[in-house]
Amino acid sequence: MRVKLDENLPIELKHLFTQSGLDTDTVVDEGLGGASDAEVAAVCIDEERVLVSQDLDFSDIRTYPPSEYFGIVVFRLSTAARHALLEVGAALIERLGRSSPTGQLWIVEDSRIRIRE
């Protein structure tokens, strides 16, 4: 599975994803820091990557219809603390090992994942 992490996520998350065998890239790696959401989304489509972000704009299915993407995963945690992102990120990696978010929007919360198609 190919994943792109948005610039609002800690770099340690890239290391977790990569160590788990996921082909992981970041918005910053590609020089897209500060790019519009639409640009980032278009690159994810072109590269056939699942987008992982904290940006709630990506959870708007009218603007980003899940069926057009290889998966959109949005973290919506009670805290944006690094340790919380890494802990929930590790749980997300396990889930990605069992199922694919292709054509879906996954909202990752503290203790569950909500799925929209």
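Presented here is a report on the structure given in the accompanying data block. (Residues numbered from 1 in each chain as written. Predicted model: local features only at pLDDT ≥ 70, side-chain atom pairs only at ≥ 80, totals over all residues. Heavy atoms only, no water.)

A short note on the pattern of salt bridges
Scanning the model with the defined rule gives 11 salt bridges in all. The shortest N-O distance in the salt bridge between Lys4 and Glu30 comes to 3.1 Å. Separated by 26 residues along the polypeptide, Lys4 in strand β1 (residues 2-5) and Glu30 in the loop between β2 (23-26) and α2 (37-47) bring together distant segments of the chain. Among the ionic pairs, Lys4 bridges to Glu47, the shortest N-O distance being 2.9 Å. Note that Lys4 is positioned in strand β1 and Glu47 in helix α2, a separation of 43 residues in sequence. (Salt bridge = Lys/Arg side-chain N within 4 Å of Asp/Glu carboxyl O. Helix = DSSP H or I, 4+ residues; strand = E, 2+ residues; numbered from the N terminus.)

Re the packing of helix α1 (residues 11-19) against helix α3 (residues 82-98)
At a minimum axis separation of 10 Å, α1 and α3 run at an interaxial angle of 25°. Here α1 lies roughly parallel to α3, going by the angle between them. As for how α1 packs across α3, the hand of that crossing is right-handed. In this structure, α1 uses Ile11, Glu12, Leu13, Leu16 and Phe17 to contact α3, whose residues at the interface are Arg82, Leu85, Leu86, Gly89, Leu92, Ile93 and Leu96. Broken down by class, the residue content of the contact of α1 with α3 amounts to 9 nonpolar, 1 polar and 2 charged. (Axes fitted to C-alpha atoms, helices over the stretch in contact; angles between N-to-C directions. Parallel < 35°, antiparallel > 145°, perpendicular 65-115°, else oblique. Left-handed = near helix turned anticlockwise from the far one by under 90°. Contact = heavy atoms within 4.5 Å. Nonpolar A, V, L, I, M, F, W, Y, C, P; charged D, E, K, R; others polar.)

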